[in-house]
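# Survey of secondary and tertiary structure
Single-letter residue listing:
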Amino acid sequence: MELVCLVKADHDRLGWQERIVRLQQREVIILTVSSVTEEFRLDQGCILSYSEESKTLVRAVAWPRICGKRRRVECLLETDEATIEQLKTFLESAQIVPKERKKLLVFVNPYAGTKKAKKVWSDVKYMIEHANIASDVVFTERANHARDMIKDANLEHYSGVVSVSGDGLLHEILNGLAARADWEEVRQKFPIGLAPGGSGNAVHCSLVFQLGEVFADEVAVAGLNIANGVSQPADFIECETKDRTFVSIFGIAWGFIPEADIGSEVIRWMGPSRAYLWVAWRMLFPVFYAGKVEYLEVTGDPEVDNIPVKLPKITDPVPEEWKAESGEFLNVYVCKQSWLDYAALLVPDCKLDDGFLWLVMTRGPVSRMEMMTWLMNVETAGHLLLKQTTMVKIRAFRLSPDTPADGGSCPMTVDAERFDEVLVQGRIRPRGCRIMTKQQL
Ligand code: ADP
Ligand code: MG
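Residues numbered from 1 in each chain as written. Chains lettered and ligands numbered in written order. Predicted model: local features only at pLDDT ≥ 70, side-chain atom pairs only at ≥ 80, totals over all residues. Heavy atoms only, no water.

### Topic: the nonpolar core
One finds Phe 107, Leu 155, Leu 177 and Tyr 333 to be the most contacted residues of the largest nonpolar core, which totals 57 residues. Among the elements that line this core, the one with the most residues is helix α4 (residues 167-178), at five residues. In contact with Phe 107, not counting residues within four places along its chain, are Val 138, Thr 140, Ala 146, Met 149, Ile 150, Val 161, Val 162, Ser 163, Val 164, Leu 169 and Ile 173. Counting 47 residues, the second largest nonpolar core, distinct from the first, contains Ala 60, Leu 104, Ala 117 and Val 162. (Core = buried A, V, L, I, M, F, W, Y, C linked by side-chain atoms within 4.5 Å. Buried < 20%, exposed > 50% of the residue type's maximum accessible area, 1.4 Å probe, protein only. Helix = DSSP H or I, 4+ residues; strand = E, 2+ residues; numbered from the N terminus. Contact = heavy atoms within 4.5 Å.)

### Notes on helix α11 (residues 368-376)
For α11, the full list of buried residues reads Glu 370, Met 371 and Trp 374. With its buried residues spanning 105° around the axis, α11 presents them on a single face. Of the exposed residues in α11, those oriented more than 90 degrees away from the buried face are Arg 368, Met 369 and Met 376. (Arc of directions from axis to C-beta.)

### A few points about the pairing of strand β16 (residues 251-255)
With five of five residues buried, β16 is to be regarded as a mostly interior element. Where β16 meets strand β18 (residues 323-335), five bridges bridge the pair, whose relative direction is antiparallel. Paired with Gly 255 across the strands is Asn 331, a residue of β18. The sheet contact formed by β16 and strand β21 (residues 412-414) spans three bridges and is antiparallel. Bridge pairing links Ala 253 to Thr 413 in β21. (Pairing = 2+ DSSP bridges.)

### What to know about the packing of helix α6 (residues 202-210) against helix α7 (residues 218-228)
Orientation of α6 relative to α7, taken along the N-to-C sense of each, is 80°, at an axis distance of 11 Å. In terms of orientation, α6 and α7 fall into the roughly perpendicular class. Only Glu 218, Val 221, Ala 222 and Asn 225 of α7 make contact with α6, whose side of the interface consists of His 204, Leu 207 and Val 208. Each residue belonging to the contact of α6 with α7 can be placed in one class, and the counts come to four nonpolar, two polar and one charged. (Axes fitted to C-alpha atoms, helices over the stretch in contact; angles between N-to-C directions. Parallel < 35°, antiparallel > 145°, perpendicular 65-115°, else oblique. Nonpolar A, V, L, I, M, F, W, Y, C, P; charged D, E, K, R; others polar.)

### A look at unusual backbone geometry
That bond from Gly 364 to Pro 365 is cis: its omega, -5°, falls within 30 degrees of zero. Summarising the element assignment, Pro 365 is placed in the loop between β19 (357-363) and α11. You will see that Cys 67, though not glycine, has its phi angle at about 50°, which is positive. Taking the relative accessible area as the measure of exposure, Cys 67 reaches 43% and is therefore partly exposed. In this structure, Ala 416 is a non-glycine residue whose phi angle is positive, near 65°. Tracing the sequence through the fold places Ala 416 in the loop between β21 and β22 (417-418).

So this is what it looks like as structure tokens:
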């Protein structure tokens with residue numbers, strides 16, 4: 001179906017212009033009328049509002065990709081009544097307009113990263129308001145504020161929770177939810193939305209990547225994900241140490257990468273590039289950390305792999321079918337995301353809900369030349385070029401790094417935050433929680 005309508009794009013100085021609009025399958029295509037405006041698509045999840053001004057006039061606001069960037073456009077479609085009815089039926093059946101939802105509970109960490117979270121939230125808020133979604137916002141005042149609040153909050157009036165910060169606040173929110181008495185119900189029904197307000201936004205980067213979007217559009221994509229709130233199942237990791245249990249959605253690591261994450265905390269203000277100063281230093285003077293990695297590998301046989309894993313007691317030996325590797329490692333990562341940050345790809349094929357964990361181990365020694373190879377190819381998972389690296393799909397793990405001979409402890413992180421407990425084990429909970437996305441993946 002083709003219609004003529006008035007379209008105005010925010011970046012376009014020409015203002016309202018007559019364009020031809022084509023409706024096909026799940027897309028609305030706005031065709032070019034002159035050399036200055038280009039054709040663009042209102043693809044799934046990008047229309048945020050749609051209102052009938054009269055029986056012959058509708059107004060829609062959307063964030064399509066125009067000239068390589070997601071931008072706001074407003075369309076006024078004026079046509080006959082029958083065509084408007086047709087358009088309405090089309091938009092509803094194609095499910096490209098956000099559904100009505102209860103309000104969102106939003107946590108913003110104003111001190112995250114380069115202190116950009118407030119600005120990110122104001123951009124996202126502008127978008128979700130177009131979709132008529134209300135929100136209650138909490139600006140966190142201390143670490144664990146979000147976790148403590150959501151642990152006891154009455155969630156009845158909310159349709160989901162949103163984290164505007166880095167991976168650390170998301171970790172807090174997830175653990176706050178996991179501490180609730182109704183967690184088993186909440187994790188399946190109460191989706192989590194993400195907006196990249198931290199200096200380390202690995203989970204959001206991985207989501208943007210999986211949606212086929214570009215990092216430069218991350219805030220617009222976050223707005224669309226949250227506004228549309230199509231919720232998508234996501235795996236998470238259930239972990240335990242000798243003293244406590246917790247959940248993680250990004251991963252657990254020891255060695256080189258955690259050292260860069262922790263070491264660079266003091267230069268948090270530098271933003272995402274901060275870790276790379278440490279990386280450069282470590283390239284010159286690589287350090288290896290010894291320990292043991294035990295894991296239950298994915299067999300590839302669904303009948304075996306679908307049986308939920310039962311973890312052994314942490315003080316008992318692991319079951320016989322588990323494998324073990326010990327020795328010196330440059331880095332060990334049990335990961336549930338593909339990107340570590342905007343520049344480092346760790347697991348190219350990792351999916352939100354692929355149902356397993358990715359164990360990436362790089363054994364020592366690694367020469368300076370090899371370190372260089374990794375760093376030069378960090379955006380294309382350069383560590384996989386090293387013969388010392390192995391990547392295994394697993395369902396459960398136990399990490400027991402040794403205490404370094406010179407005292408101190410082996411650098412470890414959970415969801416890129418410092419972790420001091422050393423002995424830790426965990427298992428995958430496939431499709432265990434839900435993440436907001438702009439379209440079904
Ligand atoms: P970044 O990407 O900058 O590391 P995170 O979301 O990971 O951002 O947050 C970093 C840490 O800040 C987390 O451990 C979180 O618990 C903590 N935090 C949250 N709110 C505050 C606050 N208001 N002041 C200080 N720390 C906070
Ligand atoms: Mg962090």
